[in-house]
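# Topology and contacts: notes
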Amino acid sequence: MSNFCPSCNATIKNNNALFCVNCGAVIGGQNFQNQELLQQHSNYLREFINNVNSENNNAKNITAPLAELDETFQKANGLRSFLNNYKNVATNDINIDNFIKQVSNFLQRDNEFQIAFVGTVKAGKSTLINAMLKQDFASTSATPETAVLTKFKYGDHNSIKITFYSQEEWNNLWESANKHQEKAGAFLDEFKKLNAGSQISNYVGKEPLILNLDKEALKKYTGSTDAAHYFVKEAEISFREFPINDKNIVFVDTPGLDDAIDYRSQVTRDYIKRANAVLMCIKVDPIHNTELQTIIPTFDNTCGHPEKVFLIGTQYDTRNEPEEDWNALKTDWEKHVVSDNETDKTKFTRELAKTNILPVAAYISLLCDMKMRENVDNVLLTDKQNKHLKNICFKLFDDADVNKHLKDLYNFANINAVHKAIETFAKDAKSYVINDTKKSYQSLVKDIENYFKNSEQGLQETFEAGQGDVQQISEKIMKEQQKLSTLEESKKELQQQMDKFKSQANKVVEELNKEIETIIASL
């Protein structure tokens, strides 16, 4: 076969190719008996190539969030066009649908540096965010059925943006809930109790709402007492008092990794891939398999930057001997997430573990902030909250005088250490966003390339196996034909023998009859 396509003169790199990938012309397959079928597929391929080229030429340039990402986004847009055209050929290939979805999600990326707070249900994610915001915004409901992905960012105006599920997304969530009813029982019971089914059409598939930020709006759409929260895909809270002075830094409170609805847990796992940094919240206990199964791929998603992962030991204050217990637990955690190999980018180094494995007492920090604002903002702690502070104060200092130890309590809560770690990223947020976005695209392209390479290899192996089968069948047919021919000859010989025997038998019978007639005549 020529090294160039006879139709378009393009270089042919694969000597076993049947078609030219540049124009679709037939360049191989001389051993195919059905040349008409081969030409038919060539016509399909020509049409596909023409459609891709036409769509790329007519496609509108997509706007990248940063000028440095323009080329990457144009390539991603072209890749989506290719996959959409390929889908028309491979209509039943669910992998192509997934790739189209991934590329479309990629094209929705913005210039925000997103910090994901992840963990199991009731691991203290929302309480940690509230402590860092110095506001009681994130839902800390005692019911794990509340699971709205919530973003917090700086805004010139205090507002909340509510985004609802599309009909397809809601169908997937509802199917997930009913598929595992033993796990989603509380969710389904509350859904029925609030008569939420009658309100689906009021929210699902509707345009986002932008409201003034207030407690009632938060309670309605992110709390557990109003049916509306079931249909909220995402809540975005913007406010002027955001603690980091960078408009592109975003905190993201995610559904629990062990959420009652598997669909929502998967939302968190997918979001980890998008996040620029991850704060993995784990209650100050030995690490469970659920956390490990998330921690390991989280390191992989950093593309060689383990410094962007933090393990946060939450509810530090609940231990009987907080400092002593934490030191023992941290040693246990390090067995799973620390490597002595300095070149290992899938775990922490010993040095990095000192800054990226931190204990916090988020609720204590929030109460201390509220206590400090009592005389300024007229913020009053409840009797229960005051009692809680006194108890922890006595446990730590053998003294229940909260005012005397307020600063020490705040330092013990260790929230400033988390702030300090995040501010380190804030200095180079734009560079991180650019590099993370490019690496994310490269990873996606690699996955798609591997899929097509594996598909090509599978088809080649199937073809070769098919060729082998045809050859084996042909040989078997030839052997059977030889057997049949031998049997035919044997049959002829046997027939001849039988005919000869029959002739001889008839002759003997005829002679016997003559002898019998002679004997009878002589009587």
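Keep in mind the model is a prediction, meaning the values are calculated, not measured.

Calculation criteria
Residues numbered from 1 in each chain as written. Predicted model: local features only at pLDDT ≥ 70, side-chain atom pairs only at ≥ 80, totals over all residues. Heavy atoms only, no water. Helix = DSSP H or I, 4+ residues; strand = E, 2+ residues; numbered from the N terminus. Buried < 20%, exposed > 50% of the residue type's maximum accessible area, 1.4 Å probe, protein only. Areas by Shrake-Rupley, 256 points an atom, 1.4 Å probe, with all protein chains shown as cover. Core = buried A, V, L, I, M, F, W, Y, C linked by side-chain atoms within 4.5 Å. Phe/Tyr/Trp six-rings, centres within 6.5 Å; stacked < 30°, edge-to-face > 60°. Lys NZ or Arg CZ within 6 Å of the ring centre and 35° of its normal. Expected span 1.5 Å × (residues − 1). Contact = heavy atoms within 4.5 Å. Arc of directions from axis to C-beta. Pairing = 2+ DSSP bridges. pLDDT = per-residue confidence, 0-100. Salt bridge = Lys/Arg side-chain N within 4 Å of Asp/Glu carboxyl O.

## Looking at the overall build of the protein chain
Within the protein chain, the secondary structure is distributed over 17 helices and nine strands. Within the protein chain, the proportion of its 523 residues that are buried is 41%. With an accessible surface of roughly 30300 Å², the protein chain has 48% of that area assigned to carbon and sulfur atoms.

## Observations regarding the nonpolar core
The biggest cluster of nonpolar side chains holds 125 residues, and the ones touching the most others in it are Leu128, Phe251 and Phe348. Examining the composition of this core, we find that eight residues originate from one element, helix H17 (residues 429–522), more than from any other. Residues Cys5, Ala10, Ala25 and Ile27 belong to the second largest nonpolar core, which totals eight residues.

## Describing the packing of aromatic side chains
Evaluated as defined, the whole model comprises 28 aromatic pairs. Connected via pairs of aromatic rings, a cluster forms that spans Phe164, Tyr165, Trp170, Trp174, Phe187, Phe191, Tyr203, Tyr221, Tyr230, Phe231 and Tyr263. Geometry around Tyr221 places Lys220 over its ring, the cationic atom sitting 5.5 Å from the centre.

## Overview of helix H10 (residues 289–301)
Counted at 1.5 Å a residue, the expected span for H10 with its 13 residues is 18 Å, and the 19 Å between its end C-alpha atoms agrees. Residues of H10 that are buried: Glu291, Leu292, Thr294, Ile295, Thr298 and Phe299. Where H10 is buried, its residues touch helix H9 (262–274), strand S7 (277–283), strand S8 (309–314) and helix H11 (322–337). Just downstream of H10, Cys303 is the residue with a positive phi angle, here 55°.

## Let's talk about helix H3 (residues 94–106)
Spanning 13 residues, H3 covers 19 Å between terminal C-alpha atoms, matching the ideal 18 Å at 1.5 Å per step. Inspection of H3 places Ile96, Phe99, Ile100, Val103, Ser104 and Phe106 among the buried residues, and these make up the whole buried set. Around the axis of H3, the buried residues are gathered within 155° of arc, so they sit on the same side. Across H3 from its buried face, at more than 90 degrees, point the exposed residues Ile94 and Lys101.

## With respect to the pairing of strand S6 (residues 249–253)
Within S6, five of the five residues are buried, which leaves it mostly tucked inside the rest of the structure. Taking every second residue as pointing to the same face, both faces of S6 are buried, with Ile249, Phe251 and Asp253 on one and Val250 and Val252 on the other. Two strands pair when backbone bridges link them, and strand S2 (residues 149–154) and S6 are joined in this way by four bridges, in the antiparallel orientation. Counted as the bridge partner of Lys153 is Val250 from S6.

## Section: the confidence of the model for the protein chain
When the pLDDT values of the protein chain are averaged, the result is 83; 84% of them are 70 or greater. Here residues 518–523 scores under 50 on pLDDT; set against residues more than four positions off or in separate chains, the count is zero contacts.

## Brief notes about unusual backbone geometry
In this structure, Asn9 takes a positive phi of about 70° despite not being glycine. Assignment of secondary structure puts Asn9 in the segment before helix H1 (35–58). Residues other than glycine seldom take positive phi values, yet Gln315 does so here, at roughly 55°. Looking at where Gln315 falls in the secondary structure, it is placed in the loop between S8 and H11.

## Description of the pattern of salt bridges
Pairing between side chains of opposite charge can happen when the charged atoms of each approach one another. The final tally for this structure, using the stated rule, is 20 salt bridges. The partner of Asp97 in a salt bridge is Lys87, with the nearest N and O atoms 3.2 Å apart. Of this pair, Asp97 sits in helix H3 while Lys87 sits in helix H2 (residues 70–89); the two residues are ten residues apart in sequence, bridging distant segments of the chain. Assessed through its relative accessible area of 30%, Asp97 is described here as partly exposed. Looking at Lys87, the relative accessible area reads 33%, which means it is partly exposed. A salt bridge links Lys220 to Asp226, with the nearest nitrogen and oxygen atoms 3.5 Å apart. One network of salt bridges, with partners in common, ties together Glu112, Lys153 and Glu236.

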